[in-house]
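# Chain and residue survey
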Amino acid sequence: MLGKLLLIILAILGIVWLLRGARRTGGDADRTSRASGAADTPQDTGALQSMARCAHCGLHLPQAEALLHEGQAYCSRLHRLAGPRAPYGQR
């Protein structure tokens, strides 16, 4: 009787260990979704991106996402329409 109980406990612990390992490494389902380009989070490519500062609110964002107008970078269409503001200490 004790041997069977010990065998059941070891089997349960083995299943839990396998499930935790699959979740930690991403599992097969996650690997296939990443391969198809359906990842939930952006992947770190290791490449550095140049940043731009919004002339209206001061938010820093990747240069590729900034809206440029008359030599100024903006974070959104509304801030581009509102135009640049004076720096924080000069308001």
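Attention in this report is confined to the structure presented alongside it. Model, not experiment: these values are computed from the prediction.

### Things to note about the overall build of the protein chain
- The helix and strand inventory of the protein chain stands at three helices and four strands.
- Secondary structure elements in the protein chain, listed N-terminal to C-terminal, are α-α-β-β-β-β-α.
- The buried share of the protein chain, reckoned over its 91 residues, is 14%.
- Of the roughly 7,900 Å² that the protein chain leaves accessible, carbon and sulfur atoms contribute 61%.

### Details of a nonpolar patch on the surface
- A surface patch of nonpolar side chains, about 630 Å² in accessible area, is lined by Leu-2, Leu-5, Leu-6, Ile-9, Leu-10 and Leu-13.
- Residue classification places Leu-2 among the exposed residues on the basis of a relative accessible area of 69%.

### Notes on the state of the cysteines
- For the structure on display, the rule yields zero disulfides.
- With no disulfide of its own, Cys-57 lies 3.7 Å from the sulfur of Cys-54, the closest cysteine sulfur.
- On the basis of relative accessible area, Cys-57 is assigned to the partly exposed category, the value being 36%.
- Of the cysteine sulfurs around Cys-75, a residue in no disulfide, the closest is that of Cys-54, at 3.7 Å.

What counts, and where the lines are drawn
- Residues numbered from 1 in each chain as written.
- Predicted model: local features only at pLDDT ≥ 70, side-chain atom pairs only at ≥ 80, totals over all residues.
- Heavy atoms only, no water.
- Helix = DSSP H or I, 4+ residues; strand = E, 2+ residues; numbered from the N terminus.
- Buried < 20%, exposed > 50% of the residue type's maximum accessible area, 1.4 Å probe, protein only.
- Areas by Shrake-Rupley, 256 points an atom, 1.4 Å probe, with all protein chains shown as cover.
- Patch = residues over 30% accessible without salt bridge, like charges linked within 9 Å, V, L, I, M, F, W, Y side chains within 5 Å.
- Salt bridge = Lys/Arg side-chain N within 4 Å of Asp/Glu carboxyl O.
- Disulfide = S-S within 2.5 Å.

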